[in-house]
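Take a look at the letters that make up each chain.
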Amino acid sequence: MLPLGKIRSEILNEVILSHLNIEDPKVFIGPREGFDAAVIEYNDKNYLVIATDPVLGVPKEHFGFFTYHFAASDVAVFGAEPRWLVVDLLLPPGSTKEELAQIMEKLNEECRKYRTAVIGGHTGVYTTIKETTATTTALGFVKKEELRLPLAKPGDDIIITKGVGIEFAVGAAYFKKEKIKGILTPSEIAKLRGMYKLETVVPDALAVRKLVRGMHDATEGGLTALHEIADNSDVGFRVCYDRIYIPPLVKKVLEAFDVNPLTVSSTGTLIIISPKENSSIIIKELSNNGIKAFIIGKFTEEKDRVLVKNREEEEFPRFERDAYAEIY
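Small disclaimer: the values here were computed from a predicted structure and weren't measured. (Residues numbered from 1 in each chain as written. Predicted model: local features only at pLDDT ≥ 70, side-chain atom pairs only at ≥ 80, totals over all residues. Heavy atoms only, no water.)

S.K.: Is there a simple way to explain empty space enclosed by the protein in this structure?
M.R.: Under the definition given, this model contains one cavity of 30 Å³ or more. Space inside the largest cavity adds up to approximately 60 Å³. Lining the largest cavity are Lys60, Phe63, Leu91, Ser95, Glu99, Gln102, Ile103 and Thr132. At three residues, helix α3 (residues 97–114) tops the list of elements feeding residues into the lining of the largest cavity. (1 Å grid on protein atoms, 1.4 Å probe; cavity = no way out; pocket = protein on both sides within 12 Å on 5 of 7 lines; lining within 4 Å. Points joined across faces, edges and corners; volume = space filled by probe spheres on them. Helix = DSSP H or I, 4+ residues; strand = E, 2+ residues; numbered from the N terminus.)

S.K.: I'm lost on the pattern of salt bridges in this one. Help?
M.R.: Oppositely charged side chains are able to pair whenever their charged atoms sit close together. A full pass over the atoms with the stated rule returns 12 salt bridges. The salt bridge partner of Arg209 is Glu81, with a shortest N-O separation of 3.0 Å. Of this pair, Arg209 sits in the loop between α7 (202–208) and β8 (214–217) while Glu81 sits in the loop between α2 (63–76) and β4 (84–91), placing them 128 residues apart in sequence. Accessibility expressed as a relative area gives 18% for Arg209, which makes it buried. (Salt bridge = Lys/Arg side-chain N within 4 Å of Asp/Glu carboxyl O. Buried < 20%, exposed > 50% of the residue type's maximum accessible area, 1.4 Å probe, protein only.)

S.K.: Before we go on, may I ask you to explain the packing of helix α4 (residues 166–175) against helix α6 (residues 186–194) in this structure?
M.R.: Helix-helix packing: each pair is described by the crossing angle between the helix axes and the interaxial distance. Running from N to C, α4 and α6 point in directions that differ by 125°, and their axes come no closer than 8 Å. For the element pair α4 / α6, the angle class is oblique. α6 is crossed by α4, and the crossing has left-handed handedness. Of the residues in α6, those in contact with Ala169, Val170, Ala173 and Tyr174 of α4 are Ile189, Leu192 and Arg193. For the contact of α4 with α6, a count of residues per class yields six nonpolar, no polar and one charged. (Axes fitted to C-alpha atoms, helices over the stretch in contact; angles between N-to-C directions. Parallel < 35°, antiparallel > 145°, perpendicular 65-115°, else oblique. Left-handed = near helix turned anticlockwise from the far one by under 90°. Contact = heavy atoms within 4.5 Å. Nonpolar A, V, L, I, M, F, W, Y, C, P; charged D, E, K, R; others polar.)

S.K.: Would you mind showing me how to read the environment of Ile189 here?
M.R.: Along the chain, Ile189 turns up in helix α6. On the basis of relative accessibility, which here comes to 12%, the residue Ile189 falls in the buried class. Along the backbone, Ile189 and Lys177 are 12 residues apart, and their C-alpha atoms lie at a distance of 8.7 Å. Setting aside residues up to four positions removed in sequence, Ile189 forms contacts with Ala173, Ile180, Lys181 and Leu184.

S.K.: Sorry, what's going on with a negative patch on the surface here?
M.R.: Together, Glu301, Glu302, Asp304 and Glu315 make up a negatively charged patch on the protein surface. With respect to the secondary-structure elements, Asp304 resides in the loop between β11 (293–300) and β12 (305–309). (Patch = residues over 30% accessible without salt bridge, like charges linked within 9 Å, V, L, I, M, F, W, Y side chains within 5 Å. Areas by Shrake-Rupley, 256 points an atom, 1.4 Å probe, with all protein chains shown as cover. Lys, Arg positive; Asp, Glu negative; His and termini not counted. Charge placed at Lys NZ, Arg CZ, Asp CG, Glu CD.)

S.K.: Help me out: how do you make sense of the layout of surface pockets in this one?
M.R.: Over the atoms, a rolled probe matching the size of one water molecule traces out where space is still vacant. Empty space within the second largest pocket amounts to approximately 320 Å³. Looking at the second largest pocket, it is lined by 20 residues, and the ones nearest its centre are Lys162, Lys197, Leu198, Gly290 and Ile291. Contributing elements (two or more residues each) for the lining of the second largest pocket: α2, α3 and α7.

S.K.: Help me out: how do you make sense of the sheet that holds strand β7 (residues 157–161) in this one?
M.R.: Two pairing modes exist for strands in a sheet, parallel and antiparallel, and in both the strands are linked by backbone hydrogen bonds. In spatial order, the strands read β8-β10-β7-β11-β9-β12-β13; together these seven strands make up an open sheet with mixed pairing. Bordering the open sheet on either side are β8 and β13 (312–315), each of which pairs with just one other strand. Here the strands of the sheet are splayed against their neighbours by 25° on average, with no regard to which way each runs. Across four bridges, the pairing between β12 and β13 is antiparallel. (Pairing = 2+ DSSP bridges.)

Distances and angles like these do not, on their own, reveal function.
Structure representation (structure tokens):
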């Protein structure tokens, strides 16, 4: 039986990627583990970046926000501005015109903010749909010399934005309200729910895309995405646990649910692969845009994947279970 959440790497490679055969020379980056978008050669100067993502298991009142940002984030991390969306929106029986209008209002609000247009899609109500679900495909151009791939070189710094575990904690505040009441005060719960706006890396990536070597959104699997970067780059890495920022309210929730902050899905946490000489500039630029950032380690020529915790070295954990998929 397949586990909940994103398909694990061994199944992805064995059952899906091994059966795909792409001979079109226009496909510069096709389906590949650790790459959340495809890259197509558009002309001599530009690539077209395309990404698709499902939207489900998110707070209903913010569904339109996530309909934009999940797929748009995967385009932005490749250095491209999300210009167009195709949205497939499926609604359960009993849905109302007002609920649909709320989704579209939120979606259009984000599109206006980032100069993105919805250019097509499909909307319908079906008996087989149990909760509102969407699939969004985002597209954007990037100049060939400005394409950013999630590949690292030895000596590059590892920078993260915002902190880890926000997605899980926000989800718990919406879907596990009774348990949260015993952990946080009403005002803290309200503040945590408002942090849903941090579950995007579009502003992060667009702010620093010309300064970084590469980027990756720490979605399902959280910081274990570092393994994918290391595998594709033929490098290792060292991470200092004490440098990993966990927002205080998030930390309380993760501890209450006994969730590992390193492996939990952390949509909105941007992993930046930074040439060492650019790191301070990147952190300053993010700060100027109201985004916190932290250097948590570096990529190494040695192939070991090391976590330094309590002054001792251990192997960096791998993705085993999707705690977020278990709470909704």
